[in-house]
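Examining the three-dimensional arrangement
Take a look at the letters that make up each chain.
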Amino acid sequence: MTFRAPHLLGIEPLHPTEITTVLDLADQYANDPGSPRHREVLAGMTQINMFFENSTRTQASFELAGKRLGADVMNMAMQASSVKKGETLIDTALTLNAMHPDLLVVRHPHSGAVDLLSQKVNAAVLNAGDGKHEHPTQALLDALTIRRAKGRLHRLSIAICGDISHSRVARSNIMLLGKMENRIRLIGPPTLMPSGVAEFGCEVFDNMEEGLQDVDVVMMLRLQKERMDGGFIPSEREYYHRYGLDAEKLKHAKPDAIVMHPGPMNRGVEIDGTIADDINRSVIQTQVEMGVAVRMAAMDLLARNLRARRWEAIDGGVMA
Amino acid sequence: MTKTLFTNARLIDPVALTDTLGALLVEDGAISQVFEEAAPDVTGPQVVDCEGKCLAPGIVDIGVKVSEPGERHKESFRSAGRAAAAGGVTTIVTRPDTTPAIDTPETLEFVERRASIDAPVKVLPMAALTKGRDGKEMTEIGFLQDAGAVAFTDCDRVVTNTKVFSRALTYARSCDALVIAHIQEPGLSEGAAVTSGKFASLRGLPGVSPMAERMGLDRDISLIEMTGARYHADQITTARALPALERAKRNGLRITAGVGVHHLTLNELDVADYRTFFKLKPPLRAEEDRLAVVQAVADGLIDIICSMHTPQDEESKRLPYEEAASGAVGLETLLPAALRLYHAGHLDLPQLFRALSLNPSKLLNLQTGRLTAGSPADLVLFDPDAPFVLDRFTLQSKSKNTPFDGARLQGKVLGTWVAGEDVRGET
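Residues numbered from 1 in each chain as written. Chains lettered and ligands numbered in written order. Predicted model: local features only at pLDDT ≥ 70, side-chain atom pairs only at ≥ 80, totals over all residues. Heavy atoms only, no water.

What follows covers the overall build of chain B. The helix and strand inventory of chain B stands at 12 helices and 18 strands. Taking 2.2 N^0.38 as the reference for a compact globule, 427 residues should give roughly 22 Å; the C-alpha atoms of chain B span a radius of gyration of 21 Å, in line with that estimate. Seen through its principal axes, chain B has C-alpha atoms that stretch 65 × 45 × 45 Å. As displayed, chain B has an accessible area near 15,800 Å², and 47% of this comes from carbon and sulfur atoms. Across chain B, the centroid of the 46 positively charged side chains sits 4 Å from that of the 57 negatively charged ones. (Helix = DSSP H or I, 4+ residues; strand = E, 2+ residues; numbered from the N terminus. Rg over C-alpha atoms; globule rule 2.2 N^0.38 Å. Areas by Shrake-Rupley, 256 points an atom, 1.4 Å probe, with all protein chains shown as cover. Lys, Arg positive; Asp, Glu negative; His and termini not counted. Charge placed at Lys NZ, Arg CZ, Asp CG, Glu CD.)

What follows is about the pairing of strand β1 (residues 3-13) of chain B. Looking down a regular strand, the side chains alternate between one sheet face and the other. Residues and elements named next belong to chain B. In terms of residue burial, β1 counts as a mostly covered element, since eight of its 11 residues are buried. The sheet contact formed by β1 and strand β2 (residues 18-27) spans nine bridges and is antiparallel. Following the sheet pairing, Leu11 is matched in β2 by Thr20. Hairpin connection, β1 to β2: the antiparallel pair is bridged by four residues, and Leu17 has positive phi, about 55 degrees. Relative to strand β4 (residues 46-49), β1 is paired through four bridges, and the arrangement is parallel. (Buried < 20%, exposed > 50% of the residue type's maximum accessible area, 1.4 Å probe, protein only. Pairing = 2+ DSSP bridges.)

Side chains that are nonpolar tend, in soluble globular proteins, to be buried together. Core analysis: the largest hydrophobic core is formed by 102 residues, its most contacted members being Leu217, Ile236, Ile305 and Phe353 of chain B. Sort the elements by how many residues they give to this core and helix α11 (residues 334-343) of chain B lands first, with six residues. If we ignore the near neighbours within four places in the chain, the residues touching Phe353 of chain B are Ile12, Pro14, Ala56, Pro57, Ile59, Leu335, Leu358, Val380 and Phe382 of chain B. Tyr29, Val105, Leu140 and Leu186 of chain A belong to the second-largest nonpolar core, a separate cluster that totals 67 residues. (Core = buried A, V, L, I, M, F, W, Y, C linked by side-chain atoms within 4.5 Å. Contact = heavy atoms within 4.5 Å.)

A few words on helix α3 (residues 89-97) of chain A. Residues and elements named next belong to chain A. Within the sequence span of α3, burial applies to Leu89, Ile90, Thr92, Ala93, Leu96 and Asn97. What you see down the axis of α3 is that its buried residues fit within an arc of 160 degrees, all on one side. In the core, the buried residues of α3 are packed alongside β1 (46-51), β2 (72-77), β3 (103-108) and α4 (113-118). (Arc of directions from axis to C-beta.)

What follows concerns the sheet that holds strand β7 (residues 89-94) of chain B. Residue and element names in this part refer to chain B. As summarised here, the arrangement of the three strands in space is β6-β7-β8, forming an open sheet in which the pairing is parallel. Looking at which strands have only one partner, the edges of the open sheet turn out to be β6 (59-64) and β8 (122-125). The sheet shows a mean angle of 20 degrees between the axes of neighbouring strands, direction not considered. Relative to β8, β7 is paired through four bridges, and the arrangement is parallel. Residue pairing in the sheet places Val93 in a bridge with Leu124 of β8. (Axes fitted to C-alpha atoms, helices over the stretch in contact; angles between N-to-C directions.)

What follows concerns the sheet that holds strand β13 (residues 230-233) of chain B. Taken together, five strands build an open sheet; the order of strands is β9-β10-β13-β14-β15 (chain B) and the sheet is parallel. The open sheet has two edge strands, β9 (152-153) and β15 (304-306) of chain B, and neither has a second partner.

Attention shifts here to the pairing of strand β5 (residues 157-161) of chain A. All names here are of chain A. Among the five residues of β5, five are classified as buried, and the element is accordingly described as predominantly covered. Where burial is concerned, the two faces of β5 agree: the one with Ser157, Ala159 and Cys161 and the one with Ile158 and Ile160 are both buried. Bridge count between β5 and strand β6 (residues 183-187): five bridges; the pairing is parallel. The residue bridging Ile160 from the neighbouring strand is Leu186, located in β6. In the classification by handedness, the crossover that spans β5, the intervening helix α6 (residues 168-179) and the parallel β6 is right-handed. (Right-handed = clockwise from strand over helix to strand, strands pointing away.)

Here chain B shows a mean pLDDT of 94. Residues at 70 or above account for 98%. Taken together, the chains of this predicted complex give a pTM of 0.91 and an interface ipTM of 0.87. (pLDDT = per-residue confidence, 0-100.)

Moving on, we get to the packing of aromatic side chains. Residue and element names in this part refer to chain B. If you walk through the whole model with that rule in mind, you get three aromatic pairs over all chains. On the basis of an interplanar angle of 85 degrees and a centroid distance of 4.9 Å, the ring pair of Phe6 and Trp417 is categorised as edge-to-face. A residue pair is termed long-range when its members are at least 10 positions apart, and Phe6 in strand β1 and Trp417 in strand β17 (residues 408-418) qualify at 411 residues. For the pair formed by Phe6 and Trp417, the shared burial category is buried. Centre to centre, the rings of Phe353 and Phe382 are 5.4 Å apart; their planes meet at 25 degrees, and the pair counts as stacked. Residue Phe353 is found in helix α12 (residues 349-363), and its partner Phe382 is found in strand β16 (residues 379-389); the two are separated by 29 residues along the sequence. For Phe353, a relative accessible area of 0% gives the class buried. (Phe/Tyr/Trp six-rings, centres within 6.5 Å; stacked < 30°, edge-to-face > 60°.)

Structure, rendered in structure tokens:
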């Protein structure tokens, strides 16, 4: 059991054993998600979900995970509140900190904003997505889904397809799957590839058929329409024709390859509806299920560290 | 008649490119005699024993932002002047990107009046090239020049309309006015916070390709060739822009270039975990670019090193990286930071002061920047080896946004003289 970090801000600072620790615990929660035993885990703790950017799925998943562990959960839709009145992120953080929450789940449209906030609060902070930087719980739930479907999380060939450049999900997944020693292929139009992608240690393809050759896992990304300044791709239909996942393109992958998508899906843009619904290939619903389990595990571990730190503080006070 | 004799000094002469022991006699604010070896007995002067430390012409820093008028809480002429005196800068050449912009003779007079009251060092103002720095109509270049503007610049804004820019350049040429421009292709660099590449992508920050700088320079070179104007590129920070600069100089265009000290001593990785004190405009570059630019300074291709002193308060920096303001203060750290290049063996001290003092003086047709008889006695005495760890709260600037907080630096200023007067004592 090793997971000592005070916050979960990204995959980048995690050690492979820490990743395995989260996944092992999440596995247990996944097998028995609703057990009343779990309600003691975060009993008496307060979890605040601060979403500076719209989210339905991730917020619901964090809320459910917290409630299953017995935490008191509060949701704050930040885009509607004081941010509009010109309050800075730091002031918002300090205000909330004065209310003594134990867990803060934060999503923010700017990269690095969650790191900044975590420096100003005493609570354990979970990054629920910051700009184009990281979305660690998504990568962890993807990893758990892969591990349960494939029986292992190493030496797999995994394709990440679509809008890599605007995707924090892609970045966290590249980090995580790389740390666990998998072969990663990035597939997408060059306009949607991040700069410096050649130095990422991944194979890069702009042709879907070539890229999907014999992969074990096909991870599709949402075409982030709301992030587009416009003009990255000629049109949705051309994108679907060249990069949308359909049965024809999926044939190039291994026969038992699984198909993943972080959701919400644009059917007919990046993925064909029948593939998404194919219970033999698609694990998209499993991903949602694992999402709750992984978030339970992450909050459980962070709460343990938080308690340990508080005990140390009290202990230290007595000793002194 | 006041006389001061500086004895036992290591004289850093950027004209002759020498570094020798000697003495210097200052009379009535000007250097009257330079002695090689020991100084003879001169009757009745005040003597400053330099104890073998370096005596160099005071630094002329082009492109200093003093936040007056508009944002005096960030920096005033008094605080900037003290910071300059503490850093061995004897002339600050101010930027017009204040609120409002310095684009009329009246606002320029305000700057000169405030500077003359409060600043212990020499202050020379620049004026905007276009009204309100909006890139639409040129300012009264002739009047502003008469009122004392030493150069014309829209600072970090690029005049995107080439017709407007070419007319302004043509008019400036008729006044023999110097135009200073920020070279950046504005479309490509829009919204950028860092240099594009692996680091930008891993951090999820919007990046700009280094190529945007070369495109900006290429465009401007064409316009100088067309108009014959006297032109200075404020900051060249990428390897890719250097061949274009070299060609333009070889072809006899009246072009010079500068670089900020931060781009010579830091690279993009220093941003690390979203440290906004490292957010500059243009952004910090890759290490290869830094090395290429350092070499260009050593070769004399890049003429000037400046601080690009840009005060920002805590509020404008304590924000998510993309939202945070750009710029760093640099007046006091300019010399110690630039000495990193000397300690790393890239440049010797005369070469360094050629870029810090002599070339900026030449560019603005000033008599400073030299250790020759007849030049104004603007001097800096420093110990190039003295080590220290910088604490940003010890800076004289009102704003403390330096990227060198906690950095180990070598080189301490021991004295600063403007026209023979010790100005550092006032700090």
